[in-house]
Amino acid sequence: MKANICVAALLLFILGCTPQQSDQLTQQQKDQIKSEVKAVGDSIIAKLERLDAEGSFQFYSDSPDWVMFNADGSRWDYQVTKKAWLDFPNSVTAWKWTTTRQDFIFVTKDIVICAWDGKDETILKSGDKIAYDPHAYTMVFKKIAGQWKVIYQHDSGIAVTQKAGKK
């Protein structure tokens, strides 16, 4: 009886110390997830460059837990962010993003953190130009009902404004 208890305890200890392979993603799985998440991120950027804010917002999760932290330190919930984004095309004539680096951190098979570095330039209807160089985004993507959605976003950068007619 004591031997059975000792063997059972030893087996539990060994199994508890063994890494669970089912939680580990293979390189092929990581590459597939990275490709899917990158495609969503690229779609967000492409739609914003066409000033299709509503189209870009389809990739964001409408959740009470959703939050966006802006470069100026403000914090927006989903509804405030959506309103600001939908107003964006009314005040600008162009927006351009250039990626300099993208890193993907795999939390689980359904949650990925994307650290996205680059620069952007916004031309306002007034003719003023606002540039962020560098501009960094942290976006957390979650696979919801088979689709990758942004559930959290944070950006960091310092805006430099060039008044219209000044060089």
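It should be emphasised that the depicted structure is a prediction, and the values quoted were computed from it without experimental measurement. (Residues numbered from 1 in each chain as written. Predicted model: local features only at pLDDT ≥ 70, side-chain atom pairs only at ≥ 80, totals over all residues. Heavy atoms only, no water.)

Observations concerning the nonpolar core
Ile 44, Tyr 60, Met 139 and Phe 141 are the most contacted members of the largest nonpolar core, which has 25 residues in total. The biggest single contributor to this core is helix α2 (residues 27-49), with six residues. Discounting chain neighbours no more than four positions away, the residues touching Tyr 60 are Ile 44, Trp 66, Tyr 78, Trp 85, Met 139, Lys 149, Val 150 and Gln 153. (Core = buried A, V, L, I, M, F, W, Y, C linked by side-chain atoms within 4.5 Å. Buried < 20%, exposed > 50% of the residue type's maximum accessible area, 1.4 Å probe, protein only. Helix = DSSP H or I, 4+ residues; strand = E, 2+ residues; numbered from the N terminus. Contact = heavy atoms within 4.5 Å.)

So, the pattern of salt bridges
In a structure, side chains of opposite charge can pair up when their charged atoms sit close to one another. Under the definition given, this model contains eight salt bridges. For Glu 36, the salt bridge is made with Lys 143, and the minimal N-O distance between the two is 3.4 Å. Of this pair, Glu 36 sits in helix α2 while Lys 143 sits in strand β5 (residues 129-144); the two residues are 107 residues apart in sequence, bridging distant segments of the chain. Overall, Lys 143 belongs to the partly exposed group, its relative accessible area being 29%. The residue Lys 163 makes a salt bridge to Asp 128 at a minimum N-O spacing of 3.4 Å. Linking Lys 163 in the segment after β6 (147-162) with Asp 128 in the loop between β4 (111-124) and β5, this pair joins segments that are 35 residues apart in sequence. Residue classification places Lys 163 among the partly exposed positions, given a relative accessible area of 47%. Residue Asp 128 is classed as buried on the basis of its relative accessible area, which comes to 11%. (Salt bridge = Lys/Arg side-chain N within 4 Å of Asp/Glu carboxyl O.)

Considering the sheet that holds strand β2 (residues 75-76)
Read from one edge to the other, the open sheet built from six strands follows the order β2-β1-β6-β5-β4-β3, with strand pairing classed as mixed. Sheet topology places β2 and β3 (92-108) at the edges, where each strand pairs with a single neighbour. Where strand β1 (residues 67-69) and β2 come together, two bridges link them in antiparallel fashion. Each bridged residue has a counterpart across the sheet, and for Met 68 the counterpart in β2 is Trp 76. Across the sheet, α2 lies against β3, β4, β5 and β6, angled at about 165° from β3, the strand it touches most. Where helix α4 (residues 78-91) meets the sheet, it contacts β1, β2, β3, β4 and β6, and its direction lies at approximately 145° from that of β3. (Pairing = 2+ DSSP bridges. Axes fitted to C-alpha atoms, helices over the stretch in contact; angles between N-to-C directions.)

So, α2
For α2, built from 23 residues, the straight-helix expectation of 33 Å at 1.5 Å per residue is met to within 8% by its first-to-last C-alpha distance of 32 Å. Listing the buried residues of α2 in full gives Ile 33, Val 37, Val 40, Gly 41, Ile 44, Ile 45, Lys 47 and Leu 48. Check the buried side of α2 and you find it contacts α3 (53-56), α4, β3, β4, β5 and β6. A positive phi of about 60° marks Leu 51, the residue just after α2. (Expected span 1.5 Å × (residues − 1).)

Some details on the pairing of β5
The pairing of β4 with β5 spans twelve bridges and is classified as antiparallel. When the sheet's bridge partners are listed, Cys 114 is paired in β5 with Met 139. A loop of four residues connects β4 with β5, the two strands running antiparallel in sequence, and Gly 127 in this loop sits at a positive phi of about 100°. One ladder, built from 14 bridges, connects β5 with β6; its direction is antiparallel. Paired with Phe 141 across the two strands is Val 150, which belongs to β6. In sequence, β5 turns back onto β6 through a hairpin of two residues, with Ala 145 there showing a positive phi of about 50°.

Geometry only, nothing functional implied.
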